[in-house]
Amino acid sequence: MQLKLSASKFPPAPLVLIAPFFLWGTAMVAMKGVIADTTPLFMAAVRLLPAGVLILITATMMGKPQPRGWLAWLWIILFALVDGALFQGFLAEGLVRTSAGLGSVMIDSQPLAVALLSLWLFQEHIGLWGWLGLGLGVIGISLIGLPHELIFQFFDPNVNASIGNWQDVLSSGEWLMLLAALSMAVGTVMIRFVCRYADPVMATGWHMILAGLPLWGISSVVESHQWQNLTISEWMALGYATVFGSAIAYGLFFYFASSGSLTSLSSLTFLTPVFALLFGNLILSEVLTPLQWVGVGLTLISIYLINQRDNWRGENQKVTVSEEATQQSAVLETSIHGR
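This text gives an overview of the structure that appears in the document.

What counts, and where the lines are drawn
- Residues numbered from 1 in each chain as written.
- Predicted model: local features only at pLDDT ≥ 70, side-chain atom pairs only at ≥ 80, totals over all residues.
- Heavy atoms only, no water.
- Helix = DSSP H or I, 4+ residues; strand = E, 2+ residues; numbered from the N terminus.
- Buried < 20%, exposed > 50% of the residue type's maximum accessible area, 1.4 Å probe, protein only.
- Contact = heavy atoms within 4.5 Å.
- Areas by Shrake-Rupley, 256 points an atom, 1.4 Å probe, with all protein chains shown as cover.
- 1 Å grid on protein atoms, 1.4 Å probe; cavity = no way out; pocket = protein on both sides within 12 Å on 5 of 7 lines; lining within 4 Å.
- Points joined across faces, edges and corners; volume = space filled by probe spheres on them.
- Nonpolar A, V, L, I, M, F, W, Y, C, P; charged D, E, K, R; others polar.
- Salt bridge = Lys/Arg side-chain N within 4 Å of Asp/Glu carboxyl O.
- Axes fitted to C-alpha atoms, helices over the stretch in contact; angles between N-to-C directions.
- Left-handed = near helix turned anticlockwise from the far one by under 90°.
- Phe/Tyr/Trp six-rings, centres within 6.5 Å; stacked < 30°, edge-to-face > 60°.
- Expected span 1.5 Å × (residues − 1).

**With respect to the overall build of the chain**
Broken down by element type, the chain carries 15 helices and 0 strands. Here the chain, with 339 residues, has 47% of them falling under the buried criterion. Taking as baseline every contact in the chain between residues at least 6 positions apart, the subset at least 24 positions apart corresponds to 87%. Of the roughly 17,100 Å² that the chain leaves accessible, carbon and sulfur atoms contribute 68%.

**Description of unusual backbone geometry**
Notably, His225 is not glycine yet its phi reads approximately 55 degrees, a positive angle. Inspection of the secondary structure puts His225 in the loop between α11 (200-222) and α12 (232-259). Accessibility expressed as a relative area gives 52% for His225, which makes it exposed.

**Considerations on empty space enclosed by the protein**
Applying the stated criterion to the full structure yields 1 cavity of 30 Å³ or more. Approximately 40 Å³ is the volume found for the largest cavity. What lines the largest cavity is Leu48, Asp83, Gly84, Phe87, Gln88, His207, Met208 and Tyr250. Tallying contributions element by element places helix α4 (residues 70-97) first for the lining of the largest cavity, with 4 residues. Class assignment of the residues belonging to the lining of the largest cavity gives a composition of 4 nonpolar, 3 polar and 1 charged.

**Quick notes on the pattern of salt bridges**
Inspection of every chain in the model, using the stated rule, returns 2 salt bridges. Between Lys64 and Asp199 there is a salt bridge whose closest N-O contact spans 4.0 Å. Taken together, the residues span a long stretch of sequence, with Lys64 in the loop between α3 (40-61) and α4 and Asp199 in the loop between α10 (173-194) and α11 at a distance of 135 residues. Residue Glu93 pairs with Arg97 through a salt bridge whose shortest N-O separation is 3.7 Å. Separated by 4 residues within a single helix, Glu93 and Arg97 lie in helix α4, roughly one turn from each other. Given a relative accessible area of 25%, Glu93 falls into the partly exposed group. Using a relative accessible area of 46% as the deciding quantity, one classes Arg97 as partly exposed.

**Regarding the packing of helix α2 (residues 19-34) against α4**
One way to put it is that α2 packs onto α4 with a least axis distance of 10 Å and a crossing angle of 65 degrees. The hand of the α2/α4 crossing is right-handed. Judged by residue contacts, Met28, Met31 and Lys32 of α2 engage Leu91, Leu95 and Val96 from α4. Split by residue class, the contact of α2 with α4 holds 5 nonpolar, no polar and 1 charged.

**Some words on the packing of aromatic side chains**
Scanning the model with the defined rule gives 8 aromatic pairs in all. Taking the centre distance of 5.7 Å and the plane angle of 80 degrees together, the rings of Phe22 and Phe279 count as edge-to-face. On the criterion of sequence distance, the pair formed by Phe22 in helix α2 and Phe279 in helix α14 (residues 271-284) is long-range, its members being 257 residues apart. Given the relative accessible area of 29%, Phe22 is considered partly exposed. Between the aromatic rings of Tyr240 and Phe244, the centroid separation amounts to 5.3 Å while the plane-to-plane angle is 25 degrees, which identifies the pairing as stacked. Of this pair, Tyr240 and Phe244 both sit in helix α12, separated by 4 residues, roughly a single helical turn. Accessibility expressed as a relative area gives 37% for Phe244, which makes it partly exposed.

**Quick word on the environment of Gly103**
Among the structural elements, Gly103 can be located in helix α5 (residues 100-107). Measuring from C-alpha to C-alpha, the distance between Gly103 and Met177 comes to 5.9 Å, with 74 residues separating the pair along the chain. Once residues lying within four places of it in the same chain are set aside, the contact partners of Gly103 are Met28, Thr98 and Met177.

**Thoughts on α14**
Look at α14: 19 Å from first C-alpha to last across 14 residues, which is about the 20 Å you get at 1.5 Å a residue. After α14 finishes, the residue Ser285 shows a positive phi value of roughly 55 degrees.

Spelled out as structure tokens, the structure:
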């Protein structure tokens, strides 16, 4: 996989390039290991607030400008509501009901929604590979999130699918993770509008703080015993998810995005669920069903196809231009020799 990035600004070590995705994947495992002794909204607030403060401090040291004007703050507040509060809230609630690896796959299915939203709002090209990726993604997510009995009944009507009511299906961890992915997708599209009025790094820090405060407030009202049962090792796991999985991971990602090709960098996002699945199995002994593994594989392939579609389209255009130039050169050479 080649990353066409600026050699002068990008660190040469491949391990540094994949660091944000490693940190995001392992942070999911860290949070899953803690969720049994805390509450989801409290955990979401703890992950957002300190990380937002760290990003603001770093952005100030880098000389980034503070947001100015009511439009800038309006977009940051909307960004905080969708990409911060809803995303982290659904993610934390979903972790209560699903595994870290499976949840990460669902979260990183958001490029599918981003592609559709970008087509609708910005008329961005999807292409053959993109549509193929979208189709595989829908099948993969269905295999992961839908009850097995319902899937088997689709292929064999004689199978009795006793799955309860649809409220049970929609409240499952997988579908909460899908709602988190949709929130993240909308937030990804919103960042284009946010960047028109505010610096993206500074806006990221503020949106974490503005999203963490209401989550903390709601947690204090509807949840209890948020931290009383946490051990020292679990506080360390929360600290890892906050400092490394939020502040440092987002900081590195935005640094790389501002220094090189975002399209090439985004092709590495499929590594996040890979790390989450690997460490979820090693540390938490998480096991997926064979049907879910098929769904995971299809989802990862779909994410890769969605992220790489522009690169392949560009390579095809280069090949076409190169062939046309070769043909023109051959005609010109024949014409010269004919004279």
